[in-house]
Amino acid sequence: MQQVADVKPTAPTQAISERTFADLLTPLIEPGFRLALAMLHDAQAAEDAVQEASFTAWRKLDRMRDPGRLRPWFLGVVANQCRNARRRKWVADVSLGLPERLSVVSDEEERSLRGADLRRAVARLRHQDRLVVVLYFYLDMPLEDIAAVAGSSVGAMRARLYRSIRKLRPDLDLQEALG
Amino acid sequence: MSLRSQIHSAFDEVAPSTFGLPERVVQTAVTEIQGHRRRERLMLRLRVPLSLVAAFVLIALVVGVLIGGKLLHDWNLFRSSAPAGGGDQSVLAQLEARPLNFPTPATHGDCMPGPYNSAGSFGKGPLYADGGSTSSTSWGLYYHNLAYAETHISGPVLIRAMDLFTRERVVFVGRYAAGPVVGQDTVDGVAVEQRTELVFDTSQASNDSYLSQYKFAWPFTAGVPKSWSGSTAWQIDGVGFSEVFVGC
């Protein structure tokens, strides 16, 4: 599948100043970090991925087709960095620091267990499925932007999202899940 | 609780604070970019001198190839044009293809010697010959002769000779003997091969001091068997001339 960061240049390279680049990039770091964290389940690895994505973004900024869609394009670069990072170090079975079972469970502990269970389920998804789930549910992005991040069509993203929900919550109604 | 809320909650509860993160990441990226641009500017400054060096190297390579090719070509030309075995083989082949135009006297009385030049040498020019001393062997008699020219001639000179009555070819031995080997003998204690042709190379004529009075001079040895008739005819073929003289 073609990634946004891999698109061919369609406009001549235009050098921009460090200040302009910093102004463009700063509001994208926080969502980029959240995406990386949800994808990698490791705060340090997530920060590294965003850092590398920032430099990659500067080098490939002239390849961006639509300057108005900088956010999905940058998140696409982050997603590629996450995929490369997982290739270098497999972190799917990351320990979340929580016991599998607790003998006495309070409400707070039960909420934590459910959260850990959900994170573990998301971590077990394939890269593209996990990306769609994180972007849609955690970063609250519309399918149009998700398609831009993944370099795919809206229909394909919708189908992938449905399949991923089924994997996460087989007993959950789709409309309820999407609500 | 919706799935969206559950996922938000699940990841937010493990997400560290992002306070200061954007500024830190952007500052690091900008520092990297500035370093990258410095390296680019350095490369840009080096590009011109490096391009010049590359251009000089390229020109040197091209010139080297051209000069080398020319030298190789000249060397091959020199080797192919150098005399092989005393003369231009293709010209010699053309001379050898010329027919022998010897007289056919019926009797010894019909044999007419000559022509001679003013010095009494055989030949009408440009090449002349004088007879010299002899050596005897069990096979026959060898004459140590001298051929010479007083004007410039070029290319190989071919000499063939024949007994006018026995029709046997006169043989040649020594330095200028050429053509097929027809026999072997020992002359003055030296083993020699008898050949049917004599070829003079005008680029390698003798430079003996006592012969310096001639433009070209070639001492040579011709042999006739004991059964020879005493009458021989000689044909000399060169580039642009052909002559025959007879000795009786």
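You'll find the structure just up there.
In this text, all values refer to a predicted model and were calculated from it rather than measured experimentally.

1. Points about the overall build of chain A
Secondary structure assignment for chain A yields eight helices and zero strands. The order of helices and strands in chain A, counted from the N terminus, is α-α-α-α-α-α-α-α. If you sum the accessible surface of chain A, you get close to 9,000 Å²; carbon and sulfur atoms cover 50% of it.

2. Overview of the overall build of chain B
Of regular secondary structure, chain B possesses three helices and ten strands. When the helices and strands of chain B are read in sequence order from the N terminus, they spell out α-α-α-β-β-β-β-β-β-β-β-β-β. Among the 248 residues that make up chain B, the fraction classed as buried is 38%. Considering only contacts in chain B between residues 6 or more positions apart, those separated by 24 or more positions represent 65%.

3. A few points about the interface of chain A and chain B
Taken together, the contacts link 40 residues of chain A with 28 residues of chain B. Both faces considered, chain A and chain B share a buried interface measuring about 3,200 Å² in area, 68% of it formed by carbon and sulfur atoms. If you sort the residues of chain A by the area they bury against chain B, Glu18(A), Arg119(A) and Tyr138(A) come out on top, with a joint share of 20%. Linking chain A with chain B are three salt bridges, by the criterion used here. Across the pair Arg24(B) and Glu47(A) runs a salt bridge whose closest N-O atoms are separated by 3.1 Å.

4. Focus on the state of the cysteines
All names here are of chain B. Evaluation of the coordinates by the stated rule reveals one disulfide over all chains. Here Cys111 engages in a disulfide with Cys248; their sulfurs sit 1.7 Å apart. One quick way to see it: the torsion about the S-S bond of Cys111 and Cys248 is about -65°, and its sign makes the bridge left-handed. Residue Cys111 is located in the loop between α3 (89-96) and β1 (127-130), and its partner Cys248 is located in the segment after β10 (241-247); the two are separated by 137 residues in the primary sequence. Note on Cys111: relative accessible area 8%, which makes it buried.

5. Structural notes on unusual backbone geometry
Most peptide bonds are trans, and most residues other than glycine sit at a negative phi. Cis geometry is adopted by the peptide bond preceding Pro115(B), which originates at Gly114(B) and carries an omega value of 0°. Residue placement: Pro115(B) occurs in the loop between α3 and β1. The peptide bond linking Gly125(B) to Pro126(B) adopts the cis configuration, its omega dihedral lying at 5°. Summarising the element assignment, Pro126(B) is placed in the loop between α3 and β1. A positive phi angle, close to 55°, is found at Asp140(A), a residue other than glycine. Given the relative accessible area of 41%, Asp140(A) is considered partly exposed.

6. Looking at the pairing of strand β4 (residues 156-163) of chain B
Residues and elements named next belong to chain B. With eight of eight residues buried, β4 is to be regarded as a mostly interior element. Neither face of β4 is left uncovered, since the one carrying Pro156, Leu158, Arg160 and Met162 and the one carrying Val157, Ile159, Ala161 and Asp163 both have all their residues buried. When β4 meets strand β7 (residues 190-201), the two strands line up antiparallel, connected through four bridges. Bridge pairing in β7 places Pro156 opposite Asp201.

7. Brief notes about the nonpolar core
One finds Leu35(A), Phe74(A), Leu135(A) and Phe137(A) to be the most contacted residues of the largest nonpolar core, which totals 65 residues. Here the element with the most residues in this core is helix α1 (residues 18-40) of chain A; it accounts for twelve residues. Leaving out residues up to four positions away in the same chain, Phe137(A) has contacts with Leu161(A), Ile165(A), Ala177(A), Leu178(A), Leu3(B), Arg4(B), Ile7(B) and His8(B). One finds Ala177(B), Phe200(B), Phe216(B) and Trp234(B) within the second-largest nonpolar core, a separate group that totals 23 residues.

8. Structural notes on the packing of aromatic side chains
The description of an aromatic ring pair rests on the distance of the ring centres and on the angle between the ring planes. Following the criterion strictly, the structure yields 16 aromatic pairs over all chains and no others. Measuring from ring centre to ring centre gives 5.7 Å for Trp139(B) and Tyr142(B), while their planes differ by 40°; the resulting arrangement is tilted. A residue is classified by how much of its surface remains accessible, and Tyr142(B), at 0% relative accessible area, is buried. With centroids separated by 6.1 Å and ring planes inclined at 15°, the aromatic side chains of Trp234(B) and Phe245(B) adopt a geometry described as stacked. Taken together, the residues Trp234(B) in strand β9 (residues 232-238) and Phe245(B) in strand β10 connect sequence positions eleven residues apart. Classification of Phe245(B) by relative accessible area gives buried; the value is 4%. Each member of the aromatic cluster is reached from another via a ring pair, and the members are Tyr116(B), Phe122(B), Phe172(B), Tyr176(B), Phe200(B), Phe216(B), Trp218(B), Phe220(B), Trp234(B) and Phe245(B). Looking at Arg34(A), its charged tip hangs above the ring of Tyr138(A), at a distance of 4.4 Å from the centre.

9. Side note on a nonpolar patch on the surface
Residue and element names in this part refer to chain B. Among the surface-exposed residues, Val48, Leu52, Phe56, Ile59, Val63, Ile67 and Leu71 lie close enough to one another that they form a single nonpolar patch of about 700 Å² accessible area. Along the chain, Val63 falls in helix α2 (residues 21-81). Looking at Val63, the relative accessible area reads 38%, which means it is partly exposed.

10. Here we look at the pairing of strand β3 (residues 140-149) of chain B
Residue and element names in this part refer to chain B. With seven of ten residues buried, β3 lies mostly within the body of the structure. The pairing of β1 with β3 spans four bridges and is classified as antiparallel. Across the sheet, residue Asp130 finds its bridge partner in β3, namely Leu146. Summarising the sheet, strand β2 (residues 134-136) and β3 pair through three bridges and their orientation is antiparallel. In the sheet register, Ser136 faces β3, and the bridge partner there is Leu141. Linking β2 back to β3 in an antiparallel pair, the connection comprises three residues. One ladder, built from ten bridges, connects β3 with strand β8 (residues 216-225); its direction is antiparallel. From the neighbouring strand, His144 faces β8, where its bridge partner is Thr221.

So, how was this worked out
Residues numbered from 1 in each chain as written. Chains lettered and ligands numbered in written order. Predicted model: local features only at pLDDT ≥ 70, side-chain atom pairs only at ≥ 80, totals over all residues. Heavy atoms only, no water. Helix = DSSP H or I, 4+ residues; strand = E, 2+ residues; numbered from the N terminus. Areas by Shrake-Rupley, 256 points an atom, 1.4 Å probe, with all protein chains shown as cover. Buried < 20%, exposed > 50% of the residue type's maximum accessible area, 1.4 Å probe, protein only. Contact = heavy atoms within 4.5 Å. Buried area = accessible area lost by both parts, 1.4 Å probe. Salt bridge = Lys/Arg side-chain N within 4 Å of Asp/Glu carboxyl O. Disulfide = S-S within 2.5 Å. Pairing = 2+ DSSP bridges. Core = buried A, V, L, I, M, F, W, Y, C linked by side-chain atoms within 4.5 Å. Phe/Tyr/Trp six-rings, centres within 6.5 Å; stacked < 30°, edge-to-face > 60°. Lys NZ or Arg CZ within 6 Å of the ring centre and 35° of its normal. Patch = residues over 30% accessible without salt bridge, like charges linked within 9 Å, V, L, I, M, F, W, Y side chains within 5 Å.

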